[in-house]
Amino acid sequence: LGLKFFLLVNKQAQTRLSQYYEYVELEERVGMEAEIIRKCLARADNQCSFMEFRNFKVIYRRYASLYFIVGADSDENELSILEFIHNVVETYDRYFENVCELDIMFHLDKAHMILDEMVVNGQISETNRMRVLAPILVVEKNFVK
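Residues numbered from 1 in each chain as written. Predicted model: local features only at pLDDT ≥ 70, side-chain atom pairs only at ≥ 80, totals over all residues. Heavy atoms only, no water.

> Just checking my understanding: could you explain the pattern of salt bridges for this structure?
If charged atoms from side chains of opposite charge come close, those side chains can pair. For the coordinates displayed, the defined rule picks out 9 salt bridges. Where E90 meets R129, a salt bridge forms, and the shortest distance between an N and an O atom there is 2.8 Å. Placement of the pair is E90 in helix α2 (residues 78–96) and R129 in helix α5 (residues 129–142), with a sequence separation of 39 residues. Among the ionic contacts, a cluster of salt bridges with common partners joins K4, E22 and D73. (Salt bridge = Lys/Arg side-chain N within 4 Å of Asp/Glu carboxyl O. Helix = DSSP H or I, 4+ residues; strand = E, 2+ residues; numbered from the N terminus.)

> Help me understand unusual backbone geometry, please; the structure alone is not making it clear to me.
With a phi angle near 65 degrees, A13 is a residue other than glycine that sits in the positive phi range. Take A13: it is sitting in the loop between β1 (3–10) and β2 (15–20). When its relative accessible area of 37% is taken as the criterion, A13 is described as partly exposed. One non-glycine residue, N98, lies in positive phi territory at about 70 degrees. Within the secondary structure, N98 is located in the loop between α2 and α3 (101–106). (Buried < 20%, exposed > 50% of the residue type's maximum accessible area, 1.4 Å probe, protein only.)

Shape descriptors only; they carry no functional weight alone.
Here's what the structure looks like:
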């Protein structure tokens, strides 16, 4: 399948965005997220940014106060997922003009739209920032308040 989930978490272990690409029961999801977040936050800066968890890989990267965490199949390339995370951050940066936690909190719908343009059914489908942002900008332009 590729990607299993995408999480955006702050340093206080609060999930700011979560997107799952395969069904997980809510109770299991909450417990799994808590365990993954705890493990990622506990790792030292000199440790690598990926680890095995249950039957998949967890790849994460910290940008300022936010952790971008991706769950992927065990046969996925960790470095390509790290590059994808960086691409997501750059796309958010371009749209929100220097993205921060508050941008994600107050514009969660836009953050999900951007992610949905990049990932379809657990597969990375688009990495070009302008192609990702074009439909969102069209919706914004045509939105009547």
